[in-house]
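So the chains spell out like this:
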Amino acid sequence: MQTKKMFINGKWVGSESGETREIINPYNSEVIAVVSEGSAADSQKAINAARKAFDSGIWSNLTGIERASYLFKINELILRDHEELSRLESLDTGKTVEESRWDMDGIADIFKYYAFLASDDCGYIIDSPFPDTSSKAVFEPVGVCGQISPWNYPLLQASWKMAPALAAGCTIVMKPSEITPLTAIKITELCQEAGIPDGVVNLVLGPGIGVGSELAESNDVDLISFTGGIVTGKKIMQAAASNVKKIALELGGKNPNIIFADCDFDTALDFALNAVFFHAGQICSAGARLMVEDKIHDQFVSELKKRIEKIKIGSGFDDSTQMGPLISEEHRSKIEDYVKLAIKEGAVLETGGKRPDDENLKNGFFYLPTLFTNCTADMEIVKEESFGPVITVEKFSSDKEALKLANNTEYGLSAGFWTNSPARIDKFSKGLRFGTIWVNDFNVYYPKAPWGGYKQSGIGRELGREGFGEYCEIKHIFQNFSNKPMNWFGTSE
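For clarity, every value in this text was computed on a predicted model and none was experimentally measured.

Let us look at the nonpolar core. Counting 132 residues, the largest nonpolar core has Ile78, Tyr114, Ile259, Leu290, Phe300, Leu304 and Ile391 as the members making the most contacts within it. For this core, the element with the most residues is helix 4 (residues 97-119), which contributes 10 residues. Once residues lying within four places of it in the same chain are set aside, the contact partners of Ile259 are Ala268, Leu290, Met291, Val292, Glu293, Ile296, Phe300, Phe396 and Trp418. Ile258, Met291, Phe396 and Ala415 belong to the second-largest nonpolar core, a separate cluster that totals 14 residues.

What follows is the structure, encoded as structure tokens:
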């Protein structure tokens, strides 16, 4: 099996140490690829290449329209290789190939959106209070950007960082998760095919310790963008202080999905399942914290349990599969620990809570869709992001209680609620302290809408114009056309 390499300064290179890593298929634990395993030394080479490319102006000095032409080309190549990318993503993550196809549609749209945004002059004229002067704000690229992406949506999350950075004129060093690098390698190949100049796009492979930490600590990196866990995010914040680099952090969430008695029952029920069990709940915005009004609680839970027990788990390449495996044995063990603790704390296990008995699934990292009731806000399974196929249900009896419970979290990424009351829609849209609010829907995103969280869900925004702005510095340019001496300090005579 040929080793897949890193991409530094326009060349595919092995790691300086010569070490490699086997990439495992979560469905059956088989080795699907071997990749170079980098270190801090490899990160530094990539940073140097990106720094040189940025300082040369080979990319940043292009017009926005010129950069846009490259992004449009990448969009076309993604659509051309749509099926190959989808299959690689499912091999890497275990998710159904249909979900991966949806991801590729979104990724192509992201490059297209930022290509259009790059074509637009985002500067603006400022009304100067002084006669015979001009004042304007212009946006310039921030510089060299380190981009650390997670394993759950490897290429989607990478594209949220790549596309706006390239559109703005930055150079980038990408570090995908060490366990899901295959589509990051492929998109780098497509960037090369699109003709992006050497040193503008660089790819380093390997663990956070060494490869990722070098990106966060280096004085030659101007911005670090990270999507992942809060513990690592805090470390990156500390490391970024080395040169006070800009940071953009998306650190996950514990997202309430609130069901009011006046909802469209069948639709809310369907979306309660969709909110959690796509990609086995390994979604930062998963609606794993279900809150149901007491008037319909028992009926809703009963129907939910019936539907959960019918979910078909298996290979992502089987058209009948509705939910694939978890990403790794380590992650499955983490979820098992959360389930044990939930039972100990008094939550009632309604269904699931174990590995499947099917012999055909024994080599994969599968875990049954799980439902807990009798949950309270002080339980760890309610407070913490378990990141798996687990729904917890809390009961509430009033709007006031629902709003208080929903906001009782250290996170603030997203929240959804289901009601037909215009007054309640207004009240909860304003009152929920989360970066994205879904009304009678859940887990909707698209390129034009900003994405990010309040509180410990992160800093900054991805997607939208705000996501573009993360990769820009704002410069004010003031010009006086008829200035004369003030003579405040007298003349030379």
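Turning to the sheet that holds strand 5 (residues 31-36), a few remarks are in order. With mixed pairing, three strands are arranged side by side in an open sheet as 1-5-4. Looking at which strands have only one partner, the edges of the open sheet turn out to be strand 1 (3-4) and strand 4 (20-24). The pairing of strand 1 with strand 5 spans two bridges and is parallel. Opposite Lys4, over in strand 5, you have Val35 as the bridge partner. Helix-sheet contacts for helix 6 (residues 182-194) involve strand 1 and strand 5, and the interaxial angle to strand 5 is about 60 degrees.

What follows concerns the sheet that holds strand 15 (residues 348-351). Where strands meet in a sheet, backbone hydrogen bonds hold them as pairs that are either parallel or antiparallel. Pairing is mixed in the open sheet, where seven strands are placed in the order 15-16-17-14-13-18-19. Each end of this open sheet is capped by a strand with a single partner; those strands are strand 15 and strand 19 (436-439). Strand-to-strand, the axes of this sheet are offset by a mean angle of 20 degrees, without reference to chain direction. As defined by bridge partners, strand 16 (residues 370-373) adjoins strand 17 (residues 390-396) across three bridges and the pair is classed as parallel. Residue Phe372 lies in a different strand from strand 17, and its bridge partner there is Thr392.

A separate point is the packing of aromatic side chains. Geometry of an aromatic ring pair is reported as the spacing of the ring centres plus the angle between the planes. Tallying each qualifying case throughout the model produces 18 aromatic pairs. Centroid distance Tyr124 to Phe139: 6.4 Å. Interplanar angle 55 degrees. Geometry classified as tilted. Placement of Tyr124 in strand 6 (residues 124-125) and of Phe139 in strand 7 (residues 133-141) is noted, with a sequence separation of 15 residues between them. Relative to Phe300, the ring of Phe265 has its centre 5.3 Å away and its plane inclined at 70 degrees; by these criteria the two rings are edge-to-face. Here Phe265, found in helix 9 (residues 265-277), pairs with Phe300, found in helix 10 (residues 297-308); they are 35 residues apart in sequence, far enough to count as distant. When sorted by exposure, Phe265 lands in the same class as Phe300, which is buried.

Moving on, we come to the pattern of salt bridges. A complete count under the given rule lists 29 salt bridges for this structure. Asp120 is the partner of Arg465 in a salt bridge, and the nearest nitrogen-oxygen pair spans 3.0 Å. On the criterion of sequence distance, the pair formed by Arg465 in helix 15 (residues 464-469) and Asp120 in the loop between helix 4 and strand 6 is long-range, its members being 345 residues apart. Two residues, Glu178 and Lys175, come together in a salt bridge whose shortest N-O distance is 3.5 Å. Since its relative accessible area comes to 3%, Lys175 is described here as buried. What emerges from the salt-bridge pattern is a single network uniting Arg80, Asp81, Glu84, Lys186, Glu189 and Glu193.

Another aspect to go through is the side chain of Asn257. In this fold, Asn257 is placed in strand 13 (residues 256-259). Residue classification places Asn257 among the buried residues on the basis of a relative accessible area of 0%. Here the side chain of Asn257 touches Trp418 through a polar contact of 3.0 Å, side chain to side chain. Setting aside anything within four residues of it in sequence, one finds Asn257 in contact with Phe271, Ala272, Ala275, Gly287, Arg289, Leu290, Met291, Gly416, Trp418 and Phe442.

Reading the values: the criteria
Just so you know, the residues in each chain are numbered from 1, in the order the chain's sequence is written. Whole-chain, interface and lining totals are the exception, using all residues; otherwise, since this is a predicted model, local features are given only for residues with pLDDT of at least 70 and side-chain atom pairs are given and counted only at 80 or more. As a rule here, side-chain values come from all non-hydrogen atoms in the structure, and water together with hydrogens is ignored. Note on terminology: a nonpolar core comprises buried Ala, Val, Leu, Ile, Met, Phe, Trp, Tyr and Cys residues joined through side-chain atoms within 4.5 Å. The rule is simple: take the accessible area with a 1.4 Å probe, protein chains only, and divide by the maximum for that residue type; under 20% is buried, over 50% is exposed, in between is partly exposed. A run of H or I in DSSP becomes a helix once it reaches four residues, and a run of E becomes a strand once it reaches two; helices and strands are each numbered from the N terminus. Contacts are residue-level and defined by heavy atoms, with any inter-residue pair within 4.5 Å sufficient. Two strands qualify as a pair provided that DSSP identifies no fewer than 2 bridges between them. Helix axes are fitted to C-alpha atoms over the stretch in contact, other axes to C-alpha atoms as well, and angles between N-to-C directions run from 0 to 180 degrees. Pairing of aromatic side chains here covers Phe, Tyr and the six-membered ring of Trp, requires ring centres within 6.5 Å, and sorts the geometry by plane angle: under 30 degrees stacked, over 60 edge-to-face, intermediate tilted. Any Lys or Arg side-chain nitrogen found within 4 Å of a carboxyl oxygen on Asp or Glu counts as a salt bridge. The definition of a polar contact used here is a pair of N or O atoms within 3.5 Å, where within protein one atom must be able to donate a hydrogen and the other to accept one, and adjacent residues in sequence count solely through side-chain atom pairs.

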